[in-house]
Amino acid sequence: MSRYFAPTTAAEAAALLAEHGGARVVAGGTDLVVAARGGKHRMPEVLIAIHGATDLASLVENEDGVRLGALTSHAWIERSPLIGSHWSALADASALVGSPATRANGTLGGNLMNASPAMDTGAPLLVFEADVELLSLRGTRTVPVADLLAGAGRTTAEPDELLTSVRLPDLPPATGSAYVRLEHRRAMEIAVVGAAALVTLGDDGRVADCRVALSAAAPTCVRAREAEDLLRGLRPDGASFRDAAALATGAVQPITDVRASARYRRAMISVVVSRALAVAAARAAGTDIAVPANRNLPTVTAGSTG
Amino acid sequence: MKYPLNVRVNGVETSVDVEPHRSLLNVLREDIGLTGPKEGCDDSECGACMVLVDGRPVNSCSYLALQTDGREITTIEGVSEPSCPHSIQQALLEEGGVQCGFCTPGIVMSAKALLDANPSCDEDEVRLALGGNLCRCTGYQKIVRAVLRAAEQLQDRAGTTG
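Along each chain, residues carry numbers from 1 onward, in the same order as the chain's sequence is written. Following the order in which they are written, the chains are lettered starting with A and the ligands numbered starting with 1. Two thresholds apply to this predicted model, a pLDDT of at least 70 for residue-level local features and 80 or more for giving and counting side-chain atom pairs, whereas whole-chain, interface and lining totals are computed over all residues. Processing note: side-chain calculations cover all non-hydrogen atoms of the structure and skip hydrogens and water entirely.

Trainee: Describe in detail the pattern of salt bridges, supporting the description with residues and values.
Mentor: Any two side chains of opposite charge can pair, given that their charged atoms come close. Residues and elements named next belong to chain A. By salt bridge we mean one thing: a side-chain nitrogen of Lys or Arg within 4 Å of a carboxyl oxygen of Asp or Glu. What the rule picks out here adds up to 29 salt bridges over all chains. Its salt-bridge partner being R67, residue E133 comes within 3.9 Å of it at the nearest N-O pair. Taken as a pair, E133 in strand β6 (residues 131–136) and R67 in strand β5 (residues 65–69) lie far apart in primary sequence, 66 residues in all. When its relative accessible area of 23% is taken as the criterion, R67 is described as partly exposed. Residue D257 pairs with R265 through a salt bridge whose shortest N-O separation is 3.1 Å. Burial status follows relative accessibility: with a 1.4 Å probe on protein chains alone, a residue under 20% of its type maximum counts as buried, one over 50% as exposed, and anything between as partly exposed. With relative accessibility at 28%, the residue D257 sits in the partly exposed group. The way it works is that DSSP assigns letters per residue, a run of H or I at least four long becomes a helix, a run of E at least two long becomes a strand, and they are numbered from the N terminus.

Set out below in structure tokens:
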């Protein structure tokens, strides 16, 4: 007999999760309900619908950065001047998710906890070194996104833990970021492969720091640290980006599925990494490249990486 | 187990009892008798089931009916009376943006969500707003022209009355 609860606070939701083993949390339903209707898995027996838990929809800004409630929608992220200007890669990613209806209802917390290797927000959160708060009756714990993602459709959150918020740490000056993906079509698409990049420029104009992460290239979104290591200290130009991007291939374990073959994914990783680096570096230098970067790639970028 | 669902559908307070797993589309069509929203793919791909929940576009095939409790739903039936079509509907007729008509209710709802929020939209914004709606007949050009035409008319009207 299926049960349904609609808690109005995060604490109430956590208590329900503790009480009902096997319960699943549903926010916008754009993953859970769609997968159940498509026959991917059965609808859970106990549904805890958190859309009305208003304390999960908060936005808190402080000296550490910004904390987004789990219910923050992709539509909000896509349009937020704060996210677009400071954490551009996340805005790039949310703007590409599904359709306007998916973005209006789909949430950041849901995207993370669904843990698809092809999720668009995962790679941006990895380059920001974001962390999440998990709430249960035992208390609250903070987990880096890198440690939360455990495999395709799997997280390290306990079954009774509720993801309540995502923290985006503040970034140094002269930093830019971008998320770029390869896609077959412009709406209702899932990344063939995707890459997020973050670039901080030094006073000498060289790359002082950078981070690269990939989506749809391994069982989870992953950092490409060899590419990062190579790029530090280099000039932010097409040749450096291409050399770093070539190393990103070392971090991937692509699969063959309906969207692409493993071989094609492996070949395309360096293309999307190169593009993401170019946009991130341009943004770090103060060039205005509108969100989503995928639809606004500078022609020079496309030419130099094609 | 059934749970009470109290919603305002097209301005009418409505109460039904539904099981947790049932989709909003299913409840609208089977329990409430509103067959304007269509089941196309039943997988959020095609947009034929599009309705507005508190003014936001929702694929009703993939949204739990119970999650709309206490909220406001608008379906194609709530957009206009047959004798007096909405500007979007009139423009679709005039531009030839309707052929078989199956996708049309969803197209109108997505277009309405756009025009309610952004009446001065351009072509790119129209195409983006209709990104979750498939039409296998028209090739989209006439639909996009119709939505732009409706936007112009709505703005003219706002200009003359306001």
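Next, the rest of the story.
Trainee: Give a description of the sheet that holds β5(A) that names residues and reports values.
Mentor: Residues and elements named next belong to chain A. The strand order across the open sheet formed by 5 strands is β4-β5-β10-β6-β7, and the pairing between neighbours is antiparallel. The outermost strands of the open sheet, each flanked by one partner alone, are β4 (59–62) and β7 (139–144). Here the average twist between neighbouring strands, direction ignored, is 20°. When DSSP finds two or more bridges between two strands, those strands count as paired. Note: β6 against β7, 6 bridges, orientation antiparallel. Residue S136 lies in a different strand from β7, and its bridge partner there is G139. Think of each axis as a best-fit line through the C-alpha atoms, taken over the contacting stretch in the case of a helix, with angles from 0 to 180 degrees between the N-to-C directions.

Trainee: I'd like a description of the packing of helix α2 (residues 87–95) of chain B against helix α3 (residues 104–117) of chain B, backed by residues and values.
Mentor: Residues and elements named next belong to chain B. Orientation of α2 relative to α3, taken along the N-to-C sense of each, is 125°, at an axis distance of 10 Å. Relative to α3, the element α2 is oriented oblique. The chirality of how α2 crosses α3 is right-handed. Note on element contacts: α3 touches α2 through T104, V108, A111, K112 and L115, opposite I88, Q89 and L92. Residue classes in the contact of α2 with α3 are distributed as 5 nonpolar, 2 polar and 1 charged. Roughly parallel means an angle under 35 degrees; roughly antiparallel means over 145; roughly perpendicular covers 65 to 115; every other angle is labelled oblique. The crossing is said to be left-handed when, going from far helix to near helix, the turn is anticlockwise and less than a right angle, and right-handed when the turn is clockwise. Contact criterion: two residues are considered in contact whenever any of their non-hydrogen atoms come within 4.5 Å of each other. Residues were grouped as follows: Ala, Val, Leu, Ile, Met, Phe, Trp, Tyr, Cys and Pro as nonpolar; Asp, Glu, Lys and Arg as charged; and all remaining residues, including Gly, as polar.

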